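# Geometric and topological summary
Spelled out from the first residue to the last, the chains are:
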2 protein chains.
Amino acid sequence: MTQVLDSTKADDIALVIEEAIVSGELEPGTVLRQEQLSEQFNVSRTPIREALRRLAALGLVSFVPNRGVRVRTISREELHEAFMVRAELEALATEVAATKITPDELAELEAVEQRFAQISKDLRAREPGDARRSVMGDWVRANHAFHDVIYRVAGLPLVEQLAKSSRRSFSGPAVWAPGDHSIDGLYAKNAEQHRAIRQALAAGSSAGARALARDHVLSSFVLLETILEQVGGSWPQPKRAPAKVSA
Amino acid sequence: MTQVLDSTKADDIALVIEEAIVSGELEPGTVLRQEQLSEQFNVSRTPIREALRRLAALGLVSFVPNRGVRVRTISREELHEAFMVRAELEALATEVAATKITPDELAELEAVEQRFAQISKDLRAREPGDARRSVMGDWVRANHAFHDVIYRVAGLPLVEQLAKSSRRSFSGPAVWAPGDHSIDGLYAKNAEQHRAIRQALAAGSSAGARALARDHVLSSFVLLETILEQVGGSWPQPKRAPAKVSA
DNA sequence: GTGGTATATCTGGGATCCGAAATGCGACCA
DNA sequence: TGGTCGCATTTCGGATCCCAGATATACCAC
C-alpha cells in the first residue's frame, strides 16, 4: 500500500464500497458476501465486517443477523423525504452563508457556477444517449461543487455532513441517465437557480437566499423524478457485472 | 442472554454504550479500551470493535488508528448547530403533520402535552438541587414524548431518525442539571409553546405550525444554554465511576 | 407426485491468535 | 543533570479458527 497518512483497511474498504454503492455500480438489493469481498480486497473478513458495520450505520446497507448484508434499496417516498430534508438543510446553510460570505468566496462561487452553467449548456447541446451520459458525471460533480462552496462558507460542519449524506442517496442514478430533450428546460432552470442563489448571497439577503435554496432543492427533485421515469421508474443498471467492486 | 428477537452482540453492545454516552455516564473524552469493554460485556474484542465502528459512524466516538477510540466531546458551537438542525427538521415534520393529523392523534397529543405541562409545573414548584433533579428525567422523557407524537404523525422516518439523533447530542446533560428558580420562566415558556404548536396543528395551519416549531426548538437552546451555565459552563459529571458501563 | 422431515452445506457471528505500531520507562552518554 | 536512544509493555489492526444458525437438497412416507 502506498498509504502515507493514517487509516485502517476497514476505513479504506468502506470508502471504496460506499463509492461503489452511491455510483450505482452496486445495485440496490445486491447481497454482499463477506468472503467474496475479502478475496476481492485481499484481506481477511475482519476488516470487511467492520467496513460493513460502518456502512450499516450510515444507512447504505442493511444487516440481517445471520443472513448477511444487502445494499439498501430506496423507495420513491424515501427519495422524496431525502430531498425534503436536504432542502431544509440547504436553506439553513445558505441563509447563514449570506451573512458571512466574503468577496473572494463570492468570486469562487461565481466561477463554479459558470462552470456548471457551461456543462449544463454542453449537456443540452448533445443528443440523448451515451454522448449525453458521458458528461453526466461532470454535471453532477459541478453541481456538487457549487453547493459545497456554500457549505464551506456557512461553516456548519454538521449541516454539511448531513446534507452530503442525504445527497449520497440519489447522486448515483443521475449519472446513468441517458437524458432526453424534454427535460432540457429543467437543466436550464437548475443553472438559472444557481445564479439567483449567488446573487442573493452577494446582496446579503439571507431570507431570500434561504427561500431560493429551498426551492432549488425541491425543484431538483422534480428533475431527478423525471430522469428516473426515463429509465422505467426503476433504478438504472450498472454497466459491469454486479457485486464486483474495483479494488 | 434472554434474547428473543434477532440481534447480534455487536448491535446490543453498541446500544448500551450509546446509551451510556448520551446519558453522560461516559464522560466526553473518555478513552474506551477494547479489552476492558470485552471483559465487561463478557465477549471477545470482535463484537466490541464492530460496535465501536458503528458508534464512530454515528459520530459518537472518534477513532484514532492504532491509538484507540475516545468519546466525542461536543463544543458549544456544535451544540448550537445541532439545535439549528433540529429546528429545521422539527419545522418540516410539524408542517407536514399539520396536514394529516387526525382527531385521535390530536387527543393523544393533548394528553402528552398536559402530562408535560404537569411535570413542568411540579418541577417549578420544587426547590433546586436533588429534589428538582429527581424529576428532570421525567421532564426530558415527557418532552420527548410530545415531539415523538408529531414525528409519528408526520410519517417521515428519515426526519425522525435525524432529529432523534440530533436530540441525543444534548438530552443527557439536562438530566443532571440541578435547576434554578431563575429559569423557571423558560420552563413555563416551553410548556406554553407546546400548547401553541398543538393548537396550530388542530387548526391545520401548516405554516403557523412550522414557524412555532422552529421557534420552540431554538428557544429550547436558550434554556439548555442557561442550564449548562449553571454547571459551570462545562459538562455535568456522572455519578458513578467513569468508564464503567452497566451490562 | 407431493409434502414433510432430516441432513448436508454454506455463511455469518464470535473467539483466539499473531504481528505491528505507539507509548512509557530506564539506562547510558554528553 | 539533562537529554536521547533503545527496549519492554501495552493496545490495536488483521488473520485464522470454530461454532451456530439458516438454507438447500435429498430422501422417505403418504
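Please refer to the structure higher up on the page.
## Considerations on the interface of chain A and chain B
At the junction of the two partners, chain A supplies 23 residues and chain B supplies 23 residues. Residue assignment for the side of chain A that touches chain B shows that the elements contributing at least two residues are α3 (45–57), α4 (76–100) and α7 (157–176) of chain A. When residues of the side of chain A that touches chain B are assigned to their parent elements, the largest contribution, eight residues, is made by α4 of chain A. Each residue belonging to the side of chain A that touches chain B can be placed in one class, and the counts come to 13 nonpolar, two polar and eight charged.

## A closer look at the relation of the copies chain A and chain B
When chain A is brought onto chain B, the operation consists of a screw motion whose angular component is 180° and whose axial shift is 0.2 Å, with 0.2 Å RMSD remaining. Such values leave the two copies arranged in the relation of a two-fold axis. Of the interface residues in chain A, 100% have counterparts in chain B that sit at the interface too, so the contact is made through matching surfaces.

## Description of the protein's contact with DNA strand C
Taken together, the neighbourhood of DNA strand C is formed by 19 residues, with G68 of chain A together with K9, V43, S44 and T46 of chain B sitting nearest. Elements represented by at least two residues in the surface near DNA strand C include exactly α2 (34–40) of chain A together with α1 (9–22) and α3 (45–58) of chain B. For the surface near DNA strand C, the leading source of residues is α3 of chain B, giving three residues. Grouping the amino acids of the surface near DNA strand C by side-chain chemistry returns five nonpolar, seven polar and seven charged.

## Some points on the protein's contact with DNA strand D
In the vicinity of DNA strand D there are 19 residues, among which K9, V43 and S44 of chain A together with Q34 and G68 of chain B approach most closely. Secondary-structure elements contributing two or more residues to the surface near DNA strand D are α1 (9–22) and α3 of chain A together with α2 (34–40) and α3 of chain B. It is α3 of chain A that provides the largest number of residues to the surface near DNA strand D, a total of three residues. Here the surface near DNA strand D is built from residues that sort into five nonpolar, eight polar and six charged.

Analysis parameters
- Residues numbered from 1 in each chain as written.
- Chains lettered and ligands numbered in written order.
- Predicted model: local features only at pLDDT ≥ 70, side-chain atom pairs only at ≥ 80, totals over all residues.
- Contact = placed C-beta atoms within 7 Å.
- Helix = DSSP H or I, 4+ residues; strand = E, 2+ residues; numbered from the N terminus.
- Nonpolar A, V, L, I, M, F, W, Y, C, P; charged D, E, K, R; others polar.
- Least-squares fit on C-alpha atoms with pLDDT ≥ 70 in both.
- Near = placed C-beta within 6 Å.

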